[in-house]
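Take a look at the letters that make up each chain.
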Amino acid sequence: MNNASTTYIPENFDKHSFQQDLISWYQSIKRDLPWRENQDPYRIWVSEIMLQQTRVDTVIHYFNQFMERFPTVNDLANADEQDVLIAWEGLGYYSRARNLHTAVKEVVATYDGQIPSQSSELKKLKGIGPYTLGAIMSIAFGEPIPAVDGNVMRVMSRIFEVYDNIADQKSKKKFEQVVEAVISKEDPSSFNQGLMELGALICSPKKPKCNECPVSSYCTAFSKGIQEELPVKTKAKKQRTIAYFAMVIEADGQYLIQKRPAQGLLANLWQFPLVEQAEFPKDEAVHYIELEYDLNLEMVHEGKPVKHVFSHVIWEVYPIFCRVSDGDISTDHGQFVTLEEMDQYPLSKVQHKVKQQIDS
DNA sequence: AATCCGGGGTC
DNA sequence: GACCCAGGATT
């Protein structure tokens, strides 16, 4: 055998003791989280999607609200995407919501509303990748399938002194093989969640609390005092900056908003029209909108600049407040709605920052 | 293999 | 600022 398990795991590693120590620690400290009330695969699924790249404390409120709004697979499948996005508003990575919606409709259409308990079927669903597959299979269905996320890679890299770059896609497969070799067959749910809980609470990226760690006696990095050297991770590229004008166009208490394209950043969310500053200087932006949108405008005032940092790009948004000067609000580039009606449209965080300036 | 895709907490 | 978070899809 020449796989990851024989490469990384010491021959004298006591797998069963490790499992016991990890699981009993997890059982003793685990929090009462809403998605741990039962093993309903729908609730587990939704929680795991929300928890992608998102902290537990952030997710709790969204999860409870989402479950109240869409209690079952059928409720979600029958919902409008617009309403699903509103429930996701502010959580970020909105393709998660759109993919979940697509997948749930697929469950209704193909599996009679029953979430498949076979991993070969489950992994066909949109938005369910290797991690989420393992999480659902182990937590909801008790199957010993690895659920390797950032926490698990950090924990395992330290315990087994693995120097593979965790920013590298193929490293995840190695860690999945490692977990495969040591996962508990008796309680894979507690084992997987225990690894993640350990990464979140004890085995942190900086200054890990090794003195509180239930499995420090198994940890090669700890025994060598090199726990802060692991894992190896290359730095991400710096984001580029794009400057926009946000055109806040008012007509008799109504404001023009438009739906963003179905693909790309903030897909299908709504916005005050954006004009890239590189294309039109401030003086020309209003005139450009007048021509392009077939509206007659007068500029009222300028707002405060809004800076927003995304994963791969930075927006600097400069609000320009205008008024329709002749009362004619017919345009093909969006619709005029009141501030109250705007609650029925999903807006990104940036757009909310612009919106907040309207009353001030 | 590299890039795209949010927003917030922490140090 | 830099880092990272219960990652996945696309190219």
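Source: prediction; values computed, not measured.

### Describing the pattern of salt bridges
Move 1: According to the stated counting rule, one finds 11 salt bridges in the structure shown.
Move 2: Across the pair R31 and E197 runs a salt bridge whose closest N-O atoms are separated by 3.8 Å. Note that R31 is positioned in the loop between α2 (15-29) and α3 (41-50) and E197 in helix α12 (residues 188-201), a separation of 166 residues in sequence.
Move 3: We classify R31 as partly exposed; its relative accessible area is 32%.
Move 4: Overall, E197 belongs to the buried group, its relative accessible area being 6%.
Move 5: One connected set of salt bridges, linked through shared partners, spans R31, R36, D57 and E197.

### Considerations on the packing of helix α9 (residues 130-139) against α12
Move 1: For the pair α9 and α12, interaxial distance at closest approach is 7 Å and the crossing angle is 135°. On the basis of their axis angle, the class for α9 and α12 is oblique. As α9 runs across α12, the sense of the crossing is left-handed. For the pair formed by α9 and α12, the contact residues are Y131, G134, S138 and I139 on the first element and P188, S189, N192, Q193 and M196 on the second.
Move 2: Residue classes in the contact of α9 with α12 are distributed as four nonpolar, five polar and no charged.

### Remarks on the protein's contact with DNA strand C
Move 1: With respect to spatial proximity, 27 residues lie near DNA strand C, and among them Q53, T132, D149, N151 and R154 are the closest.
Move 2: A share of 67% of the atoms of DNA strand C within 4 Å of the protein falls on sugar and phosphate groups.
Move 3: T132 has a polar side-chain atom sitting 2.7 Å from a phosphate oxygen of DNA strand C.
Move 4: K235 places a polar side-chain atom, nitrogen or oxygen, 2.9 Å from a phosphate oxygen of DNA strand C.
Move 5: For the surface near DNA strand C, the secondary structure elements donating two or more residues are α9, α10 (150-159), α11 (169-182) and α12.
Move 6: The residue makeup of the surface near DNA strand C, split by class, is seven nonpolar, nine polar and 11 charged.

### Details of helix α7 (residues 95-111)
Move 1: Taking 1.5 Å per residue as the helical rise, α7 with its 17 residues ought to reach 24 Å, and the 23 Å between its terminal C-alpha atoms agrees with that figure.
Move 2: Along α7, the residues that are buried comprise R96, A97, L100, H101, A103, V104, V107 and Y111. All buried residues of α7 project into a common sector of 170° when viewed along the axis, lining one side.
Move 3: Check the buried side of α7 and you find it contacts α3, α4 (56-69), α5 (73-77), α6 (81-88) and α8 (119-122).
Move 4: The positive-phi residue at the C-terminal boundary of α7 is D112, with phi of around 55°.

### Observations regarding the domain arrangement of chain A
Move 1: Considered domain by domain, chain A is made up of domain 1 (4-229) and domain 2 (240-355).
Move 2: In this structure, domain 1 and domain 2 have C-alpha centres spaced 38 Å apart.
Move 3: Inspection of the region where domain 1 meets domain 2 yields zero salt bridges.
Move 4: For the pair domain 1 and domain 2, the number of links is six residue pairs in polar contact (both at pLDDT 80 or more).
Move 5: Tallying contributions element by element places α6 first for the side of domain 1 that touches domain 2, with four residues.
Move 6: For the side of domain 1 that touches domain 2, the per-class residue count stands at four nonpolar, two polar and three charged.

Conventions we followed
- Residues numbered from 1 in each chain as written.
- Chains lettered and ligands numbered in written order.
- Predicted model: local features only at pLDDT ≥ 70, side-chain atom pairs only at ≥ 80, totals over all residues.
- Heavy atoms only, no water.
- Salt bridge = Lys/Arg side-chain N within 4 Å of Asp/Glu carboxyl O.
- Helix = DSSP H or I, 4+ residues; strand = E, 2+ residues; numbered from the N terminus.
- Buried < 20%, exposed > 50% of the residue type's maximum accessible area, 1.4 Å probe, protein only.
- Axes fitted to C-alpha atoms, helices over the stretch in contact; angles between N-to-C directions.
- Parallel < 35°, antiparallel > 145°, perpendicular 65-115°, else oblique.
- Left-handed = near helix turned anticlockwise from the far one by under 90°.
- Contact = heavy atoms within 4.5 Å.
- Nonpolar A, V, L, I, M, F, W, Y, C, P; charged D, E, K, R; others polar.
- Near = heavy atom within 4 Å.
- Polar contact = N/O pair within 3.5 Å; in protein donor to acceptor, adjacent residues only side chain to side chain.
- Expected span 1.5 Å × (residues − 1).
- Arc of directions from axis to C-beta.
- Domains from an automatic or database assignment.

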